[in-house]
Structures are given as C-alpha cells and as structure tokens.
Amino acid sequence: VQFVESGGGLVQPGGSLRLSCAASGFTFSSYDMRWYRQAPGKERELVAAISSAGGSTKYADSVKGRFTISRDNAENTVYLQMNSLKPEDTAVYYCYAVRVVVFTINDYWGQGTRVTVSS
C-alpha cells in the first residue's frame, strides 16, 4: 500500500490550497476516505470524510463551508480543496483509507503533508 500526498505548503491567510492523495496497492473504490490533521501539540482530528462511491461527505464544524473533499476512483485519488484558510488550519494533513467488512477493519494512513497558514 502506498500513498503519495501533495499540495501542502505555505499560504497566506485567506488563501487556498488543494491537497491530493494518490493511492495504490488496495482497492481504492471500496474504501471510505478521510482527511485528518494534526497541529503542533494537539491531537489528530478528523477534517473531512467521503464515502467509497463519493455520494456522501462530512466535515468538521471548523471547516464547513471552506473545505471540500472529493475523489476520483478512476485515478485512485482523494482531494481536499481548502479555501479561506486561517492560521488555525496550520497542521500536518493526513489521508486515511478505511473499510469495514463484518467485524474486520482494514485501514491505511498516508505519510502527511504540511500546511502552514501565515502572513
């Protein structure tokens, strides 16, 4: 299993970034995908989630209306479009794949990409 995360970097407050997470080594279209983030000194938190077929999405209250999660199952890639970025969005962002089959959970983490929002 391999993830290639990209799109992080330094951006000014109010700016935008688009994170990508390209996956391989598992049946991407069978997995729900999530983006988590972890800020310095804080616990990892769920940012956004999308169902395996892309028909259902959920967001943390702190990013609703600013972030959009999407996926392209033909390209085995999940995206996170981040607009109106705030300094408090500064964190390492991780993609996460999860599938629950009966009582078995299969899950995989990406390596993370750093986002810094600062003037």
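Scroll up to find the structure this text is about.
Residues numbered from 1 in each chain as written. Predicted model: local features only at pLDDT ≥ 70, side-chain atom pairs only at ≥ 80, totals over all residues. Heavy atoms only, no water.

**Q** Help me understand the state of the cysteines in this model?
**A** By definition, a disulfide links the sulfur atoms of two cysteine residues through a covalent bond. Scanning all chains against the criterion turns up 1 disulfide. There is a disulfide in this structure between Cys21 and Cys95, and the S-S distance comes to 2.0 Å. The S-S bond linking Cys21 to Cys95 shows a torsion near 45°; that makes this disulfide right-handed. Here Cys95 lies in strand 9 (residues 91–101) and Cys21 lies in strand 3 (residues 17–24), a separation of 74 residues in the sequence. In this structure, Cys21 and Cys95 share a single accessibility class: buried. (Disulfide = S-S within 2.5 Å. Helix = DSSP H or I, 4+ residues; strand = E, 2+ residues; numbered from the N terminus. Buried < 20%, exposed > 50% of the residue type's maximum accessible area, 1.4 Å probe, protein only.)

**Q** I tried to follow the pattern of salt bridges on my own but got confused; where do I start?
**A** For side chains bearing opposite charge, pairing can occur when the charged atoms are close. In total, this model carries 4 salt bridges according to the counting rule given. Where Asp61 meets Lys64, a salt bridge forms, and the shortest distance between an N and an O atom there is 3.2 Å. Taking the relative accessible area as the measure of exposure, Asp61 reaches 65% and is therefore exposed. Through salt bridges with shared partners, a single ionic network connects Arg37, Glu45, Arg66 and Asp89. (Salt bridge = Lys/Arg side-chain N within 4 Å of Asp/Glu carboxyl O.)

**Q** Where do I start with a nonpolar patch on the surface in this structure?
**A** Taken together, Val101, Val102 and Phe103 make up a surface patch of nonpolar side chains, about 380 Å² in accessible area. Mapping Phe103 onto the fold places it in the loop between strand 9 and strand 10 (104–109). We classify Phe103 as exposed; its relative accessible area is 80%. (Patch = residues over 30% accessible without salt bridge, like charges linked within 9 Å, V, L, I, M, F, W, Y side chains within 5 Å. Areas by Shrake-Rupley, 256 points an atom, 1.4 Å probe, with all protein chains shown as cover.)

**Q** How do you make sense of the side chain of Thr113 when you look at a structure like this?
**A** For Thr113, the location among the structural elements is in strand 11 (residues 113–117). Of the polar contacts made by the side chain of Thr113, one reaches the backbone nitrogen of Gly8; its length is 3.4 Å. When sequence neighbours within four positions are dropped, the list of residues in contact with Thr113 reads Glu5, Ser6, Gly8, Leu19, Ala91, Val92 and Tyr93. (Polar contact = N/O pair within 3.5 Å; in protein donor to acceptor, adjacent residues only side chain to side chain. Contact = heavy atoms within 4.5 Å.)

**Q** Just to check I follow, could you spell out unusual backbone geometry for this structure?
**A** Trans is the common state for peptide bonds, and a negative phi is the common state for residues other than glycine. Of note in this structure, Asn76 is not a glycine but carries a positive phi near 55°. Mapped onto the elements, Asn76 comes out in the loop between strand 7 (67–72) and strand 8 (77–82). Owing to a relative accessible area of 25%, Asn76 belongs among the partly exposed residues under this scheme. Although it is not a glycine, Ser84 adopts a positive phi angle of roughly 50°.

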